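Fold and contact review
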Amino acid sequence: MSVSIQGNVALEGISIGKIVKVDQSLDGYVASYTPGTAEEELAKLEAALEAISAEIDESVEKMRAAGQDEQADIMEAHSFLLMDPMFTDMMNDKARELANAPAAVLAAANETAEILANMEDEYMRERSQDVHDIGRRVARFVLGVKGIEVGDEPIILCGHEVEPSVIANIPDDKLAGVIMGQGSTTCHAVIIAKSRAITTIVGLEERIGDIPDGAKVLMDGNAGMVIVEPTQDELSSYEKQMAEQQAEMKRYEAMRDLPAETTDGKVVQLTANIGLPDDAEAAIKYGNQGVGLFRSEFIFMGRDKIPSEELQYENYKKAILACKGELCVIRTMDIGGDKPLPYLNIAPEDNPFLGYRAVRISLERPELFMPQLRAILRAGVFGKAAIMVPMVISVDEVKSILAMVDKAKAELETEGKEYAKDVQVGIMVETPAAAVMTPVLAKYVDFFSIGTNDLVQYTLAVDRINPQVSKLYDHFHPAVLQLIQRTIQAGCNNGKWVGMCGEMASDPYAAVILMAMGITELSMSAPSIPKVKEKIRSVSLKEAKDHLAKVMELETGAEVREYLRKNL
Ligand code: PEP
Ligand code: MG
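Please read all numbers here as calculations on a predicted model, not as lab measurements.

For the structure shown, the criterion picks out three aromatic pairs. Between Phe294 and Tyr316, the aromatic rings sit 5.8 Å apart at their centres with planes inclined by 80 degrees, giving edge-to-face as the arrangement. Of this pair, Phe294 sits in strand β11 (residues 291–295) while Tyr316 sits in helix α12 (residues 309–322), placing them 22 residues apart in sequence. Exposure class is identical for Phe294 and Tyr316. Each is buried. Across from the ring centre of Tyr313, 4.2 Å away, lies the NZ or CZ of Arg378, which sits over that ring. Positioned over the ring face of Tyr419 is Lys421, at 4.8 Å from the centre of the ring.

This is the structure:
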């Protein structure tokens, strides 16, 4: 009989494969290891660190050559960890003390990871997984434990934590899925799995132990369900779903170059949300028309210092070029909230989402903001670029932003550097204050993009990452809908375009009523584009407007959802 275990979806899809457990304890190997003298153990440790550094450098080079920059960046972060004096001193001290190199490495990694895991900020907590990863890699090297051997069958990597380096080193056609006990969907392992479109389920917690090594497993990545040793009936029912999934993919592929156009000719622009420039290239197969949100803070993360203007320029240029003449909207760094940056040394805050975040940091720290503005303006000559500023609440902020953009242009002019003079400057509407003020703000900016992820949290006073209140988090809440409608109307009245780049944009039902409100662009993770396009192509603008009129009279989010489900 099969066993079903419920987890959380990190990346959808249905996959079948053989389980390879990846974080099995090295205790047994360590127990049977015969150490030498303290001096010999120190020498082994040094040799292992050198060899692994060289291995990482080699794989980073290969990844860069293959255009896998995202994976390469993560591996490079491992390389920095290996050079971190706090970590290396601790390994050496312990090797001297224990006269046992693998035990010393594991102990140092555990201690360092524990310090990180108890830190306030999420970014540092997630780095604890990288420390475990690198520690096990070094220990395995000293112990002579071989890495994963991949045969003919596709495998599913499974562990409480799956090391990013392990995922990165398995070829696409051999990796069917990733299952993890831990629950984060923003850790490096998940980012790598997502960038390779590998079905991923997380958050199985201690039930990860119920999945034996070598078992056949069916992953229902749409429902977050892991089925261990599926029965023939279960396999057959999922085979049907897999066939449907493939048929759906074919249908979507056929629609790729068609516009998101209603039956009576209203066209909406569907664009992609990206985290790194490579994602812009990857989005093309889903038929995006440019990028509506480049979350530039990802360039600032996973490093130990502020990226230079040159490095930012190269990243923006790559994304702009991948947009092939369509607009590439680059959001200036949205640091703070759930995306802290350790090297900025921002003091811990009681309410980080209401604190020192995004534009508030940018305006106070021109040494951070000016190089970013200059890099975007310079990269703009390679296509069509826009600057978009997050978390705005006031006209004063907008005036300061515009003054800084002018200053950046003047500097470039004086230096004789080439830059795009026509880069649009817009803001995200993701605070209720900005939404209410849009009739005024519209006079100063070129466009608005509604960030519902934050707009919902701030309007409803519901923390967007707290699972205890997640059932209150609803983009169809009438208060949210009214703010959205007000924003779109303010844009239209002032001849400014309005888009949306929050998750709501990827909800096909929402897309229909947003279009009826007059939105011109919807930006979403690229794999969501075909289903939104299919829905838009199935209705007329007239019908959509009728639905909108009814929806705006409803009193609760649940009623709105129910109405749209029944009528669309
Ligand atoms: C948003 O708030 O809707 C948004 C797109 O920004 P982020 O999710 O990065 O905060
Ligand atoms: Mg936001």
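Around ligand 1 there are 15 residues in total, and Arg295, Arg331, Gly451, Asn453 and Arg464 lie nearest to it. Residue Thr452 places a main-chain N or O atom 3.1 Å away from an oxygen atom belonging to ligand 1. Here an oxygen atom of ligand 1 and a backbone polar atom of Asp454 are 3.0 Å apart. Listed by contribution, the elements that provide at least two residues to the shell around ligand 1 are β11 and α17 (452–460).

For a metal bound by four donors in tetrahedral geometry, the ideal donor-metal-donor angle is 109.5 degrees, whereas six donors in octahedral geometry ideally sit at 90 or 180 degrees. Looking at the metal site, the magnesium ion (ligand 2) is ligated by Glu430 (OE) and Asp454 (OD), spaced 2.0 to 2.1 Å from it. One end of the pair, Glu430, is in the loop between β14 (424–429) and α16 (432–441); the other, Asp454, is in helix α17, with 24 residues separating them in the sequence. Side by side, Glu430 and Asp454 carry an identical accessibility label, which is buried.

Interface extent is often summarised as the accessible area lost during association of the parts. The assigned domain composition of the chain is domain 1 (1–21 + 148–230), domain 2 (23–146) and domain 3 (260–567). Centre-to-centre separation of domain 1 and domain 2, based on C-alpha positions: 23 Å. Opposite the 25 residues of domain 1 that make contact, domain 2 presents 19 residues. Taken together, both faces of the contact between domain 1 and domain 2 bury some 1,800 Å²; the carbon and sulfur share is 45%. Taken together, the connections running from domain 1 to domain 2 amount to zero residue pairs in polar contact (both at pLDDT 80 or more). When residues in the side of domain 1 that touches domain 2 are grouped by element, the largest group, five residues, is from helix α8 (residues 188–195).

We now examine empty space enclosed by the protein. Sizing a probe to match a water molecule and rolling it over the atoms shows the empty space that remains. By the definition in use, this model includes one cavity of 30 Å³ or more. In terms of lining residues, the largest cavity is bounded by 15 residues, among which Arg295, Arg331, Asn453, Asp454 and Arg464 are the most central. With three residues, the top contributor of residues to the lining of the largest cavity is α17. In terms of residue class, the lining of the largest cavity is built from three nonpolar, four polar and eight charged.

Counting residues in hydrophobic clusters, the biggest one holds 102 residues, and the most contacted among them are Leu270, Tyr316, Ile450, Ile484, Met500, Leu522 and Ile536. Counting residues in each nonpolar core, the second largest holds 55 residues, with Met124, Val131, Leu143 and Ala193 among its members.

With 14 residues, helix α14 (residues 366–379) ought to run about 20 Å at 1.5 Å a step, and its terminal C-alpha atoms sit 19 Å apart, in line with that. Residues of α14 that are buried: Leu368, Phe369, Met370, Pro371, Gln372, Leu373, Arg374, Ala375, Ile376, Leu377, Arg378 and Ala379. Summarising the contacts, the buried residues of α14 are in contact with α11 (297–300), α12, β12 (327–331), α13 (359–364), β13 (384–389) and α15 (395–415).

Relative to the assigned elements, Thr414 resides in helix α15. Along the chain, Thr414 and Tyr458 lie 44 residues apart, while their C-alpha atoms are 42 Å from each other.

On to the environment of Leu327, then. Tracing the chain through its elements places Leu327 in strand β12. Leaving out residues up to four positions away in the same chain, Leu327 has contacts with Gly290, Val291, Lys384, Ala385, Ala386, Gln424 and Trp497.

In summary, the side chains of a regular strand alternate between the two faces of the sheet. In terms of residue burial, β14 counts as a mostly covered element, since five of its six residues are buried. Looking at chain direction, β13 and β14 are connected through four bridges and run parallel. Residue pairing for β14: Ala386 is matched across the bridge by Gln424. Regarding topology, α15 serves as the crossover connection from β13 to the parallel β14, and that connection is right-handed. Bridge count between β14 and strand β15 (residues 447–450): four bridges; the pairing is parallel.

What follows covers the packing of α17 against helix α18 (residues 478–493). Close contact between α17 and α18 brings their axes to 10 Å; oriented N to C, the two are set at 125 degrees. Here α17 lies oblique to α18, going by the angle between them. The two elements α17 and α18 cross, and the hand of that crossing is right-handed. Touching Thr452, Leu455, Val456, Thr459 and Leu460 of α17 are Ala479, Val480, Leu483 and Ile484, all from α18. Taken together, the residues of the contact of α17 with α18 sort by class into seven nonpolar, two polar and no charged.

Parameters at a glance
- Residues numbered from 1 in each chain as written.
- Chains lettered and ligands numbered in written order.
- Predicted model: local features only at pLDDT ≥ 70, side-chain atom pairs only at ≥ 80, totals over all residues.
- Heavy atoms only, no water.
- Phe/Tyr/Trp six-rings, centres within 6.5 Å; stacked < 30°, edge-to-face > 60°.
- Helix = DSSP H or I, 4+ residues; strand = E, 2+ residues; numbered from the N terminus.
- Buried < 20%, exposed > 50% of the residue type's maximum accessible area, 1.4 Å probe, protein only.
- Lys NZ or Arg CZ within 6 Å of the ring centre and 35° of its normal.
- Near = heavy atom within 4 Å.
- Polar contact = N/O pair within 3.5 Å; in protein donor to acceptor, adjacent residues only side chain to side chain.
- Donors = N, O, S within 2.8 Å, 3.2 Å for Na, K, Ca; no water.
- Domains from an automatic or database assignment.
- Contact = heavy atoms within 4.5 Å.
- Buried area = accessible area lost by both parts, 1.4 Å probe.
- 1 Å grid on protein atoms, 1.4 Å probe; cavity = no way out; pocket = protein on both sides within 12 Å on 5 of 7 lines; lining within 4 Å.
- Points joined across faces, edges and corners; volume = space filled by probe spheres on them.
- Nonpolar A, V, L, I, M, F, W, Y, C, P; charged D, E, K, R; others polar.
- Core = buried A, V, L, I, M, F, W, Y, C linked by side-chain atoms within 4.5 Å.
- Expected span 1.5 Å × (residues − 1).
- Pairing = 2+ DSSP bridges.
- Right-handed = clockwise from strand over helix to strand, strands pointing away.
- Axes fitted to C-alpha atoms, helices over the stretch in contact; angles between N-to-C directions.
- Parallel < 35°, antiparallel > 145°, perpendicular 65-115°, else oblique.
- Left-handed = near helix turned anticlockwise from the far one by under 90°.

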